[in-house]
Amino acid sequence: QVQLVESGGGLVQPGGSLRLSCAASRSIFSINAMGWYRQAPGKQRELVAVITGGGSTNYADSVKGRFTISRDSGKNTVYLQMYSLKPEDTAVYYCNAHVRAPLVHDYWGQGTQVTVSS
């Protein structure tokens, strides 16, 4: 069955670091891009970072310079390295895999909680 498995969330103090990982099943065909989204309580889900198969990246302004998204050579694992974490980064972080062939579809992980608090 198709699945995205996330890990790395937790509780960290302001200024700290976390590294999130997301492993996509090999049964997912033709992944075009993978990314990270987050959703804070009472708010809509927002894009944090995305990386394409060609290596192009894009970041939300709020995390640019602090977060780095990367993808391994197998193209089925994506990471989000987070530095200088702030309380406003607190949210549930979701991994996304965007597929365009043979059908257009988005796969989502179950989410992992990131809490930044002193």
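Residues numbered from 1 in each chain as written. Predicted model: local features only at pLDDT ≥ 70, side-chain atom pairs only at ≥ 80, totals over all residues. Heavy atoms only, no water.

Caption draft 1: Structural context of the layout of surface pockets. Considering only enclosed or pocket space, the largest pocket measures out at about 150 Å³ in volume. Forming the walls of the largest pocket are Arg-38, Gln-39, Ala-40, Lys-43, Gln-44, Glu-46, Glu-88, Thr-90 and Ala-91. (1 Å grid on protein atoms, 1.4 Å probe; cavity = no way out; pocket = protein on both sides within 12 Å on 5 of 7 lines; lining within 4 Å. Points joined across faces, edges and corners; volume = space filled by probe spheres on them.)

Caption draft 2: Summary view of the side chain of Thr-112. Position of Thr-112 relative to the elements: it lies in strand 11 (residues 112-116). Setting aside residues no more than four positions away along its own chain, Thr-112 makes contact with Glu-6, Gly-9, Leu-20, Ala-91, Val-92 and Tyr-93. (Helix = DSSP H or I, 4+ residues; strand = E, 2+ residues; numbered from the N terminus. Contact = heavy atoms within 4.5 Å.)

Caption draft 3: Main features of the pattern of salt bridges. One pass over the full model with this rule turns up 3 salt bridges. Across the pair Glu-46 and Arg-38 runs a salt bridge whose closest N-O atoms are separated by 2.8 Å. Across the pair Asp-89 and Arg-38 runs a salt bridge, and its minimum N-O distance is 3.0 Å. Within this pair, whereas Asp-89 is found in the loop between strand 8 (77-82) and strand 9 (91-99), its partner Arg-38 is found in strand 4 (residues 31-39), the two being separated by 51 residues in sequence. Arg-38 carries the same exposure label as Asp-89, and that label is buried. By sharing partners, the salt bridges in this structure join Arg-38, Glu-46, Arg-66 and Asp-89 into a single network. (Salt bridge = Lys/Arg side-chain N within 4 Å of Asp/Glu carboxyl O. Buried < 20%, exposed > 50% of the residue type's maximum accessible area, 1.4 Å probe, protein only.)

Caption draft 4: Structural view of the pairing of strand 8. Where burial is concerned, most of strand 8 is hidden: 6 out of the 6 residues are buried. The pairing of strand 3 (residues 18-24) with strand 8 spans 6 bridges and is classified as antiparallel. By the bridge assignment, Cys-22 is partnered in strand 8 with Val-78. Sheet analysis places strand 7 (residues 67-71) next to strand 8, joined by 5 bridges and oriented antiparallel. Residue pairing in the sheet places Arg-71 in a bridge with Val-78 of strand 8. (Pairing = 2+ DSSP bridges.)

Caption draft 5: How the structure looks around the sheet that holds strand 8. Taken together, 4 strands build an open sheet; the order of strands is 1-3-8-7 and the sheet is antiparallel. Edge positions in the sheet fall to strand 1 (4-7) and strand 7, since each has one partner strand and no second. The sheet shows a mean angle of 15 degrees between the axes of neighbouring strands, direction not considered. (Axes fitted to C-alpha atoms, helices over the stretch in contact; angles between N-to-C directions.)

Caption draft 6: Looking closely at the nonpolar core. Of all hydrophobic cores here, the largest spans 29 residues; its most connected members are Trp-36, Leu-80, Met-82 and Tyr-93. Elements with a contribution of two residues or more to this core: strand 3, strand 4, strand 5 (46-52), strand 7, strand 8, strand 9 and strand 11. Per element, the largest residue contribution to this core is 5 residues, and it comes from strand 9. Once residues within four sequence positions are removed from consideration, Leu-80 is found in contact with Leu-18, Arg-19, Leu-20, Trp-36, Val-48, Ala-49, Phe-67, Thr-68, Ile-69 and Tyr-93. (Core = buried A, V, L, I, M, F, W, Y, C linked by side-chain atoms within 4.5 Å.)

Caption draft 7: The packing of aromatic side chains, seen in detail. Considering all chains together, one arrives at 1 aromatic pair under this definition. Where Tyr-37 meets Trp-108, the ring centres are 5.0 Å apart and the plane angle is 65 degrees; that geometry is what we call edge-to-face. With Tyr-37 in strand 4 and Trp-108 in strand 10 (residues 105-108), this residue pair connects regions lying 71 residues apart in the sequence. Taking the ring centre of Tyr-79 as reference, the NZ or CZ of Arg-19 above it sits at 4.1 Å. Directly above the aromatic system of Tyr-94 lies the positively charged group of Arg-45, at a separation of 3.9 Å from the ring centroid. (Phe/Tyr/Trp six-rings, centres within 6.5 Å; stacked < 30°, edge-to-face > 60°. Lys NZ or Arg CZ within 6 Å of the ring centre and 35° of its normal.)

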